[in-house]
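Residue-level structure breakdown
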Amino acid sequence: MAIAKTLGIETEYGIVHRGTDEPNPITASSLLINAFLASEGYRPDTRSDVIAWDFIDEHPDIDARGFSPMGAMAPEVETHLVNAVLRNGARYYVDHAHPEMSTPECADPLSVVRYDRAGELIIQRSMAAANDLLPAGQELVLYKNNSDGKGNSYGTHENYLVSRDTPFGEIVRHCTAHFITRQIFTGAGKVGAELPGQRTDEVHYQLTQRADFFEEEVGLETTLKRPIINTRDEPHADARKYRRLHVIVGDANPSQVATFLKVGTTALVLALVEDGAIPTEFLFKAPVTSLRHVSHDLSLREALPLADGSTVTALEVQWELFDLARKHAEDHGFEALGGAWVPEVLRRWELVLTGLERDPMELADQLDWVAKYRLLDGYRERHGLSWSDARVRALDIQYTDMRPERGLAWRVGLEQLIDDDDAAAAIGVPPSDTRAYFRGRCVRDFPDAVVAANWDSIVFDVGGEALRRVPMMEPMRGTEAHVGTLFDESDSAAELLRRLGN
Amino acid sequence: MAEREQVPKPTSERDSDTEETPAASERGAELKAELDDLLDEIDEVLETNAEDFVKSYIQKGGQ
């Protein structure tokens, strides 16, 4: 049976410092995050400004294939920039000249949506706090997109815990087919194309932000020659039992339905792979080309060549994966695929595929690429503009403007799965059902004793001679059910550690 | 003259019932009205100098 899927999303936001002649995105990102931390009463400290991220267990250079190809570039871990652990168990930091928000570990796709939305609200609070500190006439504005329209991309990554027993080659085969074809509902939409050598006006509008930036099928890189399957083998958990599949091929989605389906369907496909329940092999002849073609094909009808000489459409692959998941759930129960959240993912998956098949425009309240297309096309028609007009391109960027009064994505009528009161509460409270609970409660209850934290451990200073590290190698332990009472009954971190038997 | 992007209405082998349900068309009309309202207001939101805004929106590459 497939293992429980611990899930999460990392989002690098676009950042603009308005009203200055010398914008520096790294300084601006630091200011943004520090302003948030100060305004929310996070601990100022002489060792560092806040509870620091602990890099001792970060190994982004380990390759899931078990070897490092010549010339492969491991991403660098930047340790000198702002890097905070939040009360909800999230990580908020500066990465590659962008502010980045990693959700806490979540146990189901709706929880991911909740913490992704909480992340958006944190960004909004951060902008407000930073702008209070900036001179009059200056402003930080954030964008939840993945491209500047000029060939520069920044990522939104998903993470899935999978069993170490699953051969990586199986994951590569089946996930490649899923990633190429899921774009029909995960895409956030983009005006034009950014392929080297291609005129940007050859593609008026495409399904995704990211497809143009992928050049390889499988690899370790994340910033250059990006691969459809990223092989970073850094489980942040017991490496004998688990892998973490690090998915770099998705878009940032303002649409909660798109986020829910992006994470939910991928978790289902991985569960099917773990159970050996995908008999169909969609081996693409040219995966990178097909990835781009799907993104550029608004009809969703393009025949994609398979290695065996036949062809398939993106919708056909998605229907096949959906049918396999539904059948597996019928035969073995929802638990076999992940639990109580499975039926809702299957229901929405079917609804969206049905809508895409009939008329994608029906899904204007569900999917980003459709909502954005209708908005931009409506504006174009009204004013008689071409797709390459600057006003249309401006609206494309402004779709993800994080200022509440400006961001068009939050005004086009997209269905909300998590209301804003629920998401606002999740700014300060971790998920109850993963180890993020332990991390978040430590940061909330004992901020003075926590020296550093990372995904799989927390370091305490409780006054003794040595610092104490508490490992958290099991992502589904340290939950409220496991340790909630311990926190309630402990007056100090020292007592908590004593009762944990550490 | 604005060019018109065609989004073909796909036909379905799988879906025999292609007629819109009343609920779907109601929601469609609602969405159309919401879109019209937003298009009425959008010039207040649109960056005042769209060309400069688009040109100056430059990001450093990330992951």
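Residues numbered from 1 in each chain as written. Chains lettered and ligands numbered in written order. Predicted model: local features only at pLDDT ≥ 70, side-chain atom pairs only at ≥ 80, totals over all residues. Heavy atoms only, no water.

Below, the discussion takes up the overall build of chain A. The helix and strand inventory of chain A stands at 14 helices and 18 strands. What you see for chain A is a C-alpha radius of gyration of 22 Å, in line with the 23 Å of a compact globule of 502 residues. On the principal axes, the C-alpha backbone points of chain A span a range of 65 × 60 × 45 Å. Residue burial in chain A is summarised as follows: out of 502 residues, 63% are buried. Sequence-distant contacts, at least 24 apart, represent 71% of the contacts inside chain A between residues at least 6 apart. Carbon and sulfur atoms provide 49% of the accessible area of chain A, an area that totals close to 17,600 Å². The centroid of the 52 positive side-chain charges in chain A is displaced by 1 Å from the centroid of its 80 negative side-chain charges. (Helix = DSSP H or I, 4+ residues; strand = E, 2+ residues; numbered from the N terminus. Rg over C-alpha atoms; globule rule 2.2 N^0.38 Å. Buried < 20%, exposed > 50% of the residue type's maximum accessible area, 1.4 Å probe, protein only. Contact = heavy atoms within 4.5 Å. Areas by Shrake-Rupley, 256 points an atom, 1.4 Å probe, with all protein chains shown as cover. Lys, Arg positive; Asp, Glu negative; His and termini not counted. Charge placed at Lys NZ, Arg CZ, Asp CG, Glu CD.)

Let's shift gears to the interface of chain A and chain B. Of the residues lining the interface, 70 residues belong to chain A; the matching set on chain B comes to 42 residues. Carbon and sulfur atoms supply 54% of the area that chain A and chain B bury against each other, a total of about 4,800 Å² over both sides. A per-residue breakdown of the area chain A buries against chain B is headed by Arg358(A), Arg374(A) and Arg382(A), which together make up 13% of the total. The interface formed by chain A and chain B holds five salt bridges in total. Between Glu41(B) and Arg411(A) there is a salt bridge, with the nearest N and O atoms lying 2.6 Å from each other. Our count for the contact surface shared by chain A and chain B stands at 23 residue pairs in polar contact (both at pLDDT 80 or more). Taken together, the elements giving at least two residues each to the side of chain A that touches chain B come down to strand 2 (14-18), helix 7 (314-332), helix 8 (342-358), helix 9 (368-383) and helix 10 (390-398) of chain A. Top element by residues in the side of chain A that touches chain B is helix 9 of chain A. It accounts for 10 residues. (Buried area = accessible area lost by both parts, 1.4 Å probe. Salt bridge = Lys/Arg side-chain N within 4 Å of Asp/Glu carboxyl O. Polar contact = N/O pair within 3.5 Å; in protein donor to acceptor, adjacent residues only side chain to side chain.)

What follows deals with the pairing of strand 13 (residues 242-247) of chain A. All names here are of chain A. Among the six residues of strand 13, six are classified as buried, and the element is accordingly described as predominantly covered. Here strand 13 shows no split at all, with Tyr242, Arg244 and His246 on one side and Arg243, Leu245 and Val247 on the other all buried. Pairing of strand 8 (residues 156-163) with strand 13 involves six bridges; the strand directions are antiparallel. By the bridge assignment for strand 13, Asn159 is matched with His246. (Pairing = 2+ DSSP bridges.)

Residue and element names in this part refer to chain A. Between helix 1 (residues 25-39) and helix 2 (residues 109-133), the least distance of the axes is 8 Å, while the angle of their chain directions is 95 degrees. By the angle class used here, helix 1 and helix 2 are roughly perpendicular. Contacts between helix 1 and helix 2 involve Leu31, Leu32, Ala35, Phe36 and Ser39 from the former and Ile122, Arg125, Ser126, Met127, Ala129, Ala130 and Leu133 from the latter. Taken together, the residues that form the contact of helix 1 with helix 2 break down as nine nonpolar, two polar and one charged. (Axes fitted to C-alpha atoms, helices over the stretch in contact; angles between N-to-C directions. Parallel < 35°, antiparallel > 145°, perpendicular 65-115°, else oblique. Nonpolar A, V, L, I, M, F, W, Y, C, P; charged D, E, K, R; others polar.)

This brings us to unusual backbone geometry. Of note in this structure, Ala97(A) is not a glycine but carries a positive phi near 65 degrees. Take Ala97(A): it is sitting in the loop between strand 5 (91-95) and strand 6 (98-102).

All names here are of chain A. Counting buried residues along strand 8, eight of its eight residues qualify, which places the element largely inside the surrounding structure. Burial along strand 8 is two-sided: the face carrying Thr156, Glu158, Tyr160 and Val162 and the face carrying His157, Asn159, Leu161 and Ser163 are both buried. When strand 1 (residues 7-12) meets strand 8, the two strands line up antiparallel, connected through five bridges. Considered in strand 8, the bridge of Gly8 is made with Asn159.

Residues and elements named next belong to chain A. With respect to the element layout, Cys442 can be found in helix 12 (residues 436-445). Note: C-alpha distance between Cys442 and Arg468 (26 residues apart in sequence) is 13 Å. Setting aside anything within four residues of it in sequence, one finds Cys442 in contact with Pro447, Val450, Ile458, Phe460, Phe487 and Leu496.

Residues and elements named next belong to chain A. Chain-level pLDDT for chain A is 93 on average; 95% of the residues reach the 70-or-more range. Note on residues 45-49: pLDDT is under 50 here. Beyond four places in sequence and across chains, it has six contacts. Predicted confidence for residues 69-75 stays below pLDDT 50, and this span has 10 contacts to residues more than four positions away or in other chains. (pLDDT = per-residue confidence, 0-100.)

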